[in-house]
Amino acid sequence: MNVLVASISGEKVTETRCRKNLAKKLGLPVRRLSRGNRIRTTISKSEKSCWAYVCRKTRKDALSEEIKRLAYNFWMKHGISRHTGNKADVKRERIGPKTYSSHQVYLLEKTQTEVYIDFTTEYPCIKLSQRSFENCKPYFIRQVRPKDRQTCCCRYHVETKSAFKSCMNFRKKLLNENDAYDENNVHVYDYISDIVDVTLCNKEDNVHKISCLKRDCGECGINKLELLPKETAAGDLDTAQIVKWERFEKVDIKVKGNKTIKKLVLVKKETKAVELFSHFLELLKSFPLHQHRATWQNKQ
Ligand SMILES: [Zn+2]
Ligand SMILES: [Zn+2]
Ligand SMILES: [Zn+2]
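In short, a report on the structure. No experiment lies behind these values; they were computed from the predicted model shown. (Residues numbered from 1 in each chain as written. Chains lettered and ligands numbered in written order. Predicted model: local features only at pLDDT ≥ 70, side-chain atom pairs only at ≥ 80, totals over all residues. Heavy atoms only, no water.)

**Describing the coordination of the zinc ion (ligand 3)**
For a metal bound by four donors in a tetrahedral arrangement, the ideal donor-metal-donor angle is 109.5 degrees, while six donors in an octahedral arrangement ideally sit at 90 or 180 degrees.
Then comes step 1: Protein-derived ligands of the zinc ion (ligand 3) are Cys201 (SG), Cys212 (SG), Cys217 (SG) and Cys220 (SG), with the metal-ligand distances lying across 2.3 to 2.4 Å.
Then comes step 2: Given four donor atoms and angles of 106 to 116 degrees at the metal, the environment of the zinc ion (ligand 3) is assigned as tetrahedral.
Then comes step 3: Linear spacing of the donor residues for the zinc ion (ligand 3) on their chain is C-x10-C-x4-C-x2-C. Here the residue Cys201 occupies a position in the loop between α10 (192-198) and α11 (210-213), and Cys212 occupies one in helix α11, the gap between them amounting to eleven residues. (Donors = N, O, S within 2.8 Å, 3.2 Å for Na, K, Ca; no water. Tetrahedral: all angles 85-135°; square planar, octahedral: opposite > 155°, others 65-115°. Helix = DSSP H or I, 4+ residues; strand = E, 2+ residues; numbered from the N terminus.)

**Here we look at the pattern of salt bridges**
Then comes step 1: In this structure the tally under the stated criterion is twelve salt bridges.
Then comes step 2: Residue Arg155 pairs with Glu159 through a salt bridge whose shortest N-O separation is 3.6 Å. Remark: Glu159 and Arg155 occur in helix α9 (residues 155-177); sequence separation between them is four residues, near one turn of the helix.
Then comes step 3: The salt bridge involving Arg171 is made with Glu231; its shortest N-O contact spans 2.8 Å. With Arg171 in helix α9 and Glu231 in the loop between α11 and β7 (242-255), the pair connects residues that are 60 residues apart, well separated along the chain.
Then comes step 4: Through salt bridges that share partners, Lys91, Glu93 and Asp190 make up one connected network. (Salt bridge = Lys/Arg side-chain N within 4 Å of Asp/Glu carboxyl O.)

**Regarding the coordination of the zinc ion (ligand 2)**
Then comes step 1: Every protein donor of the zinc ion (ligand 2) is accounted for by Asp197 (OD) and His208 (NE2), and the metal-donor separations fall at 1.9 to 2.2 Å. Residue Asp197 is located in helix α10, and its partner His208 is located in the loop between α10 and α11; the two are separated by eleven residues in the primary sequence.
Then comes step 2: The class of Asp197 is partly exposed, set by a relative accessible area of 34%. (Buried < 20%, exposed > 50% of the residue type's maximum accessible area, 1.4 Å probe, protein only.)

**What to know about the sheet that holds strand β4 (residues 99-104)**
Then comes step 1: The strand order across the open sheet formed by three strands is β1-β4-β3, and the pairing between neighbours is mixed. Where the open sheet ends on each side, the last strands, each with one partner, are β1 (42-44) and β3 (90-96). Strand-to-strand twist of the sheet, defined as the mean angle between neighbouring strand axes without regard to direction, takes the value 30 degrees.
Then comes step 2: Relative to β4, β3 runs antiparallel, the two sharing six bridges. Its bridge partner lying in β4, Arg94 is registered against Tyr100.
Then comes step 3: Against the sheet, helix α5 (residues 47-57) makes contact with β1, β3 and β4, and its axis sits at roughly 60 degrees relative to β3, the strand it touches most. (Pairing = 2+ DSSP bridges. Axes fitted to C-alpha atoms, helices over the stretch in contact; angles between N-to-C directions. Contact = heavy atoms within 4.5 Å.)

**Things to note about α5**
Then comes step 1: For α5, every residue scored as buried is listed here: Ser49, Cys50, Trp51, Tyr53, Val54 and Arg56.
Then comes step 2: Looking at the buried residues of α5, the elements they touch are β1, α6 (65-75), β3, β4 and α8 (130-135).

**Brief notes about the sheet that holds strand β6 (residues 141-143)**
Then comes step 1: Strand order in the open sheet formed by three strands is β2-β5-β6, and the pairing between neighbours is mixed. Bordering the open sheet on either side are β2 (81-83) and β6, each of which pairs with just one other strand. Each adjacent strand pair in this sheet contributes to an overall mean axis angle of 35 degrees, direction not counted.
Then comes step 2: The pairing of β2 with strand β5 (residues 106-108) spans three bridges and is classified as antiparallel. Pairing of His83 across the sheet is with Tyr106, part of β5.

Structure follows, in structure tokens:
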């Protein structure tokens, strides 16, 4: 019975807080489902489990354990990152089948590139690429987001944010369901700016080159973004999962006098993931320049 209960009381159930309803439907006491959930997932709060996440992520790197550990600890150094001061600010990552690590969130006090430069200055003899260095970053460290980052409420920002969330939710589910996907470079990004940065060259003097933002640069672009097979047309379309997402579309709306007008509204879509991802990539083409202009206007 526990096995059966475990199989129906996964993360989804916890997340959507519908455990009570599910219990009612099944005619089981809620406690029963909670127990099933405990059997299903293990959450570790130890430092060791956080380190295990990095090891899992960097398995393919030829780096020695010693260097990885050095880079990992560097991210947590005083002056590099700090506690949020809010105990409820917790991040959780999967470190194995049904096993999770959980840790209080730390905030970065600099950009990732600045941290990398600090590291290479402190350890000039260690040859480590920025990407490998960033892969050693503890998962619970994230960038400070100035409030003014996301002030534009235009249709374009709303649509891009929504598509980004749908894409990442789909990806997270894919990665959690497929152990085979562990060995890849496809990440679940927390913020649009992180995924946007992958499609741009590194900043110079803390800003992106305008040619990169305008997508005129030959070195960067949305093709820099790695996708999972199930997110592209190359994936097996027969088994493709259906995803729910939203986009703006012009819709006929009936008004007084038996007339119809066209109005731009958010329309709910249920399509194969490929369609969602190609919509998101299309938005990403012009997003950096739009974001840049919105931020610039905000500072005036
Ligand atoms: Zn906007
Ligand atoms: Zn950027
Ligand atoms: Zn570029």
